[in-house]
Amino acid sequence: RQGTFAIDFAKYESVEVTRSGPGAEGVEVMHDFRDLGKLLPKFLAGNLELMNYRVPTPIQKHALPLAMNGSDLMCCAQTGSGKTCAFLLPIVAILGASGRK
């Protein structure tokens, strides 16, 4: 019989996260994607809203604020944990903002 090895989203709050490096503890953890506020271009914030992105995963809670603050990151998390969004969202935000004059 085949079992499932998917992430149990109900246990996300108990996932241990370690942050280190210069200034790592000085950046607040994100609790909602709306916490990014004016850091995102309008089109990106609107698309997050359309996709009902609200509660970030542990990797997103910690990585997104640091990346949006300009910090370098090295992250390790399980497949399906939201790493791709955590890395691409700041890149798209910077590229989107660079098009504004």
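Worth saying up front: this structure is predicted, and the values here are computed from it rather than measured.

1. Observations concerning the nonpolar core
Part 1 of the reasoning: Core analysis: the largest hydrophobic core is formed by eleven residues, namely M30, F33, L36, L40, L44, L48, L64, M68, C85, L89 and A93.
Part 2 of the reasoning: The greatest single-element share of this core, amounting to three residues, is contributed by helix 3 (residues 83–98).
Part 3 of the reasoning: Excluding residues that lie within four positions of it along the chain, L36 makes contacts with M30, M68 and L89.

2. A closer look at the packing of helix 1 (residues 42–50) against helix 3
Part 1 of the reasoning: Two elements in contact, helix 1 and helix 3, have axes separated by 9 Å at closest approach and are oriented at 140°. Residue-level inspection shows F43, L44 and L48 of helix 1 in contact with helix 3, the latter providing L89, V92, A93 and G96.
Part 2 of the reasoning: For the contact of helix 1 with helix 3, the per-class residue count stands at six nonpolar, one polar and no charged.

3. What to know about the packing of aromatic side chains
Part 1 of the reasoning: Under the definition given, this model contains one aromatic pair.
Part 2 of the reasoning: A centroid spacing of 5.2 Å and a plane angle of 70° characterise the contact between F33 and Y53, whose relative ring orientation is edge-to-face. One end of the pair, F33, is in the segment before helix 1; the other, Y53, is in the loop between helix 1 and helix 2 (58–68), and 20 residues separate them in sequence.
Part 3 of the reasoning: With a relative accessible area of 4%, F33 lands in the buried category.

4. Points about the packing of helix 2 against helix 3
Part 1 of the reasoning: For the pair helix 2 and helix 3, the least separation of the axes is 9 Å and the interaxial angle reads 25°. In terms of their interaxial angle, helix 2 and helix 3 are classed as roughly parallel. In the packing of helix 2 onto helix 3, the handedness of the crossing is right-handed. Only K83, C85, A86, L89, P90 and A93 of helix 3 make contact with helix 2, whose side of the interface consists of I59, Q60, A63, L64, A67 and M68.
Part 2 of the reasoning: A breakdown of the residues in the contact of helix 2 with helix 3 according to their chemical character gives ten nonpolar, one polar and one charged.

5. Brief notes about the confidence of the model for the protein
Part 1 of the reasoning: On average, residues of the protein carry a pLDDT of 86, and 87% of them reach 70 or more.
Part 2 of the reasoning: At the level of individual helices and strands, the protein shows its lowest average pLDDT in helix 3, which scores 91, and its highest in helix 2, which scores 93.

6. Overview of a nonpolar patch on the surface
Part 1 of the reasoning: Taken together, the side chains of F43, L88, I91, V92 and L95 make up a nonpolar region of the molecular surface, amounting to roughly 450 Å² of accessible area.
Part 2 of the reasoning: Per element, the largest residue contribution to the nonpolar patch is four residues, and it comes from helix 3.
Part 3 of the reasoning: Relative to the assigned elements, V92 resides in helix 3.
Part 4 of the reasoning: Residue V92 is classed as partly exposed on the basis of its relative accessible area, which comes to 32%.

7. Some remarks on the pattern of salt bridges
Part 1 of the reasoning: In this structure the tally under the stated criterion is two salt bridges.
Part 2 of the reasoning: The partner of R34 in a salt bridge is D32, with the nearest N and O atoms 2.9 Å apart.
Part 3 of the reasoning: Judged by relative accessible area, D32 falls into the buried class, the value being 15%.
Part 4 of the reasoning: A salt bridge links R54 to E49, with the nearest nitrogen and oxygen atoms 2.8 Å apart.
Part 5 of the reasoning: Given the relative accessible area of 25%, R54 is considered partly exposed.

Scoring rules and cut-offs
Residues numbered from 1 in each chain as written. Predicted model: local features only at pLDDT ≥ 70, side-chain atom pairs only at ≥ 80, totals over all residues. Heavy atoms only, no water. Core = buried A, V, L, I, M, F, W, Y, C linked by side-chain atoms within 4.5 Å. Buried < 20%, exposed > 50% of the residue type's maximum accessible area, 1.4 Å probe, protein only. Helix = DSSP H or I, 4+ residues; strand = E, 2+ residues; numbered from the N terminus. Contact = heavy atoms within 4.5 Å. Axes fitted to C-alpha atoms, helices over the stretch in contact; angles between N-to-C directions. Nonpolar A, V, L, I, M, F, W, Y, C, P; charged D, E, K, R; others polar. Phe/Tyr/Trp six-rings, centres within 6.5 Å; stacked < 30°, edge-to-face > 60°. Parallel < 35°, antiparallel > 145°, perpendicular 65-115°, else oblique. Left-handed = near helix turned anticlockwise from the far one by under 90°. pLDDT = per-residue confidence, 0-100. Patch = residues over 30% accessible without salt bridge, like charges linked within 9 Å, V, L, I, M, F, W, Y side chains within 5 Å. Areas by Shrake-Rupley, 256 points an atom, 1.4 Å probe, with all protein chains shown as cover. Salt bridge = Lys/Arg side-chain N within 4 Å of Asp/Glu carboxyl O.

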